[in-house]
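Spelled out, the chains give:
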Amino acid sequence: MAKGNYPTLFMEKIRTLLIDDDRFIVQILSDLLREYYPEIEIIDIANDGTDGLQKIEQLKPDLLFLDIEMPNMNGFEMLDKIDNLNFKTIFTTAHSHYAIKAFRFNALDYLLKPINEKELAQAIKRFKSNRYLDQGSKIQLAIDNIKEKSTSEQKLILETQNGTFRLALKDILYMEGDRNYSLIHQKNGTKELSSKTLGYFEELLSDKGFFRPHRSYLINSNAVDDLQADTLILKNKAILPISRRKKSEAKKWFAEKVN
């Protein structure tokens, strides 16, 4: 990773707080930031959520590197205690499938441990591109999603060409895959195009009542009215196919999630 070719004297410093209970990870991240990113000023290090809250209040950082899986108070619980989320956050996590799905569902930036130099560079580049855009509302929505016990009331966050798009799961009928894109059909008759593949959404939503009966469709159980032979009949009268290899799985899903 090459250092920048411009003098550090005139750089606008990015006041950065590291919050992680793993001292080894903190040391690695600190070394990488100090060696390759002179514009990032590490103003302090916190080892748990309580310490993190105090230092955020005192130091007013621009950027947090925040471990999501700390004892006693995880990263989201810590952020939930802050009234004004006027800083950016890059989450860090070990290979936790649950945490990764939560980040993707809520369109939040994250790094996997151990920290990879290339992924760190990409995360910092994204931070700089979005530095002056509001992230607080997105994090608050993520916290609300985690608290929301009703899956259908949770809101999927999508980054589109027109900005951030928030869509309640209960308002999705089905998604239609078209190569590297997905077309999201909504209850109100409108459609939203996403650059994410159907496979991406299947992984994200399979535990939230969605099922993929065919390679081209991902269906919300709340939208289904009936199952007949090789098709699913939706409440809006749309008829979607079931592939031969998904027949038995579709019947089981229909019995458990729809009826």
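Residues numbered from 1 in each chain as written. Predicted model: local features only at pLDDT ≥ 70, side-chain atom pairs only at ≥ 80, totals over all residues. Heavy atoms only, no water.

Draft legend 1. Quick look at the sheet that holds strand 14 (residues 231-234). The antiparallel open sheet is built from three strands, whose spatial order is 13-14-15. Edge positions in the open sheet fall to strand 13 (224-228) and strand 15 (239-241), since each of these has one partner strand only. Across the sheet, the mean angle from the axis of one strand to that of its neighbour is 25°, orientation sign disregarded. For strand 13 and strand 14, the ladder comprises four bridges, and the chain directions are antiparallel. From the neighbouring strand, Leu 227 faces strand 14, where its bridge partner is Leu 232. Against the sheet, helix 8 (residues 247-258) contacts strand 13 and strand 14, and its axis sits at roughly 150° relative to strand 13. (Pairing = 2+ DSSP bridges. Helix = DSSP H or I, 4+ residues; strand = E, 2+ residues; numbered from the N terminus. Axes fitted to C-alpha atoms, helices over the stretch in contact; angles between N-to-C directions. Contact = heavy atoms within 4.5 Å.)

Draft legend 2. Summary view of the pattern of salt bridges. Inspection of the entire model under this criterion finds 15 salt bridges. Among the ionic pairs, Lys 113 bridges to Asp 20, the shortest N-O distance being 3.0 Å. Highlighted residues: Lys 113 in the loop between strand 5 (110-112) and helix 5 (117-129) and Asp 20 in the loop between strand 1 (14-19) and helix 1 (23-36), separated in sequence by 93 residues. Pair check on accessibility: Lys 113 and Asp 20 agree, each one buried. With its nearest N and O atoms 3.2 Å apart, the salt bridge here joins Asp 51 to Lys 55. You can see Asp 51 and its partner Lys 55 sitting in helix 2 (residues 49-59), four residues apart, about one turn around the helix. Among the ionic contacts, a cluster of salt bridges with common partners joins Glu 12, Asp 62 and Arg 131. (Salt bridge = Lys/Arg side-chain N within 4 Å of Asp/Glu carboxyl O. Buried < 20%, exposed > 50% of the residue type's maximum accessible area, 1.4 Å probe, protein only.)

Draft legend 3. Quick look at the pairing of strand 14. Between strand 13 and the antiparallel strand that follows it, strand 14, lie two residues; Ala 229 among them carries a positive phi value of about 50°. As defined by bridge partners, strand 14 adjoins strand 15 across three bridges and the pair is classed as antiparallel. Considered in strand 15, the bridge of Ile 233 is made with Ile 239. Remark: four residues form the turn of the hairpin made by strand 14 and strand 15, two consecutive strands paired antiparallel; Lys 237 in that turn has positive phi of roughly 80°.

Draft legend 4. Looking closely at the packing of aromatic side chains. Here the structure, examined in full by the defined rule, presents seven aromatic pairs. Both rings, one in Phe 76 and one in Phe 103, keep their centres 6.1 Å apart while their planes meet at 45°; by these two values the pair is tilted. With Phe 76 in helix 3 (residues 75-80) and Phe 103 in helix 4 (residues 97-105), this residue pair connects regions lying 27 residues apart in the sequence. On the basis of relative accessibility, which here comes to 9%, the residue Phe 76 falls in the buried class. When the centroid spacing of 5.2 Å and the interplanar angle of 20° are considered together, the rings of Phe 103 and Tyr 110 count as stacked. Using a relative accessible area of 1% as the deciding quantity, one classes Phe 103 as buried. In this structure Tyr 110 comes out as buried when scored by relative accessible area, which is 19%. Every member of this aromatic cluster is reached through a ring pair, and the members are Phe 76, Phe 91, Phe 103 and Tyr 110. Its guanidinium or amino end placed over the ring of Tyr 200, Lys 196 lies 4.9 Å from that ring's centre, counting from NZ or CZ. (Phe/Tyr/Trp six-rings, centres within 6.5 Å; stacked < 30°, edge-to-face > 60°. Lys NZ or Arg CZ within 6 Å of the ring centre and 35° of its normal.)

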